[in-house]
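Chain and residue survey
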Amino acid sequence: VDVFFVISGYLITTIIISEMTAGEFSIVNFYERHARRILPALFFVMAACLPFAWLWLTPNELKDFGQSLVAVSTFSSNVFFWSESGYFATTNELKPLLHTWSLAVEEQYYILFPMFLMLTWRFGIKWVLVILSVAFIISLGAAQWGSYNSPSFTFYMLPTRGWELLVGVFIAFYLNN
């Protein structure tokens, strides 16, 4: 998952900065392209899980599954699964959508990062990189602190995973200069 976040940070940043540099970036087009790429596969996985959940889960587990379907649909499954238990809890084998927590983190980043770039791009790349460097240091520090003090939160949440995405962002900026 860690490498996935770095690659994702790199890819999204490469797309956005190349379009912004060319003066062609549209946040509506960006989100629309992303939705066309992600949503069909996501909805297929959710639909494929439904019959198995109905057959194999108890009523309480089925209720949790229904809640996870809502969380996945709103890209908040990381928050949902964090609030329930740790990733490696024994009951997690009955949560077929648990793996979507990382997609939720990525989607939260996909919502925030383009807006951040749109707001800061006019100040120049130097300032964008300074702000991102501060965010990187804060995120890495929070992840380090949280790994001892709140490991489940640290595992599931964007603020403590953001530094991984930002590694990819920095690589994209470096390679596109």
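Refer to the structure presented above.
Okay, so let's go over this structure. None of the values given here were measured: they were computed from a predicted structure. Residue positions are given per chain, counted from 1 along the sequence in the order it is written. Per-residue local features of the predicted model are confined to residues with pLDDT of at least 70, and side-chain atom pairs are confined, for both listing and counting, to 80 or more; whole-chain, interface and lining totals are unaffected and use all residues. Just so you know, side-chain values use all the structure's heavy atoms and leave hydrogens and water out.

Roughly 280 Å³ of internal volume is contained in the largest pocket. The method works on a 1 Å grid over the protein atoms by themselves. A cavity is a set of points holding a 1.4 Å probe that cannot get out, a pocket is an open set with protein on both sides within 12 Å along at least five of seven lines, and residues with an atom within 4 Å of a point line them. Considering the residues around the largest pocket, the lining is formed by 13 residues, among which Y109, F113, L132, A135 and L166 are closest to the centre. Segments assigned H or I by DSSP are reported as helices when at least four residues long, segments assigned E as strands when at least two residues long, and all are numbered from the N terminus. Looking at the lining of the largest pocket, the elements that each hand over two or more residues are helix 5 (101-120), helix 6 (125-149) and helix 8 (158-175). Residue contributions to the lining of the largest pocket peak at 5 residues, all from helix 8. Grid points are joined across faces, edges and corners, and a volume is the space filled by probe spheres set on the points.

With that out of the way, let us pick up the packing of helix 2 (residues 27-56) against helix 3 (residues 59-73). With axes taken as lines fitted to C-alpha atoms, and helix axes fitted only over the stretch in contact, angles between N-to-C directions fall between 0 and 180 degrees. One can describe the packing of helix 2 onto helix 3 by two numbers: an axis separation of 10 Å at closest approach and a directional angle of 175 degrees. Of the possible angle classes, the one that applies to helix 2 and helix 3 is roughly antiparallel. On helix 3, the residues that touch L42, M46, C49, L50, A53, W54 and W56 of helix 2 are E61, L62, F65, L69, V72 and S73. Residue polarity follows a fixed list, in which Ala, Val, Leu, Ile, Met, Phe, Trp, Tyr, Cys and Pro are nonpolar, Asp, Glu, Lys and Arg are charged, and the others, Gly among them, are polar. For the contact of helix 2 with helix 3, a count of residues per class yields 11 nonpolar, 1 polar and 1 charged. Geometric relationships in this document are graded by angle, where less than 35 degrees denotes roughly parallel, more than 145 denotes roughly antiparallel, 65 to 115 denotes roughly perpendicular, and other angles denote oblique. Note on definitions: a residue-residue contact is assigned when non-hydrogen atoms from the two residues lie within 4.5 Å.

It is worth spelling out the nonpolar core at this point. The set of buried Ala, Val, Leu, Ile, Met, Phe, Trp, Tyr and Cys residues whose side-chain atoms join them within 4.5 Å is what this entry labels a nonpolar core. For every residue, the accessible area obtained with a 1.4 Å probe (protein chains only) is divided by the maximum for its type, and the residue is called buried under 20%, exposed over 50%, and partly exposed between those limits. Formed by 39 residues in total, the largest nonpolar core has its most connected members in I16, Y109, F113, L117 and L132. Breaking this core down by element, the ones donating at least two residues are helix 1 (2-21), helix 2, helix 3, helix 4 (77-84), helix 5, helix 6 and helix 8. At 8 residues, the largest contribution of residues to this core is made by helix 5. Ignoring any residue separated from it by four or fewer positions in sequence, one finds F113 in contact with T13, I16, L132 and V169.

Interpretation in functional terms is not warranted from these geometric data alone.
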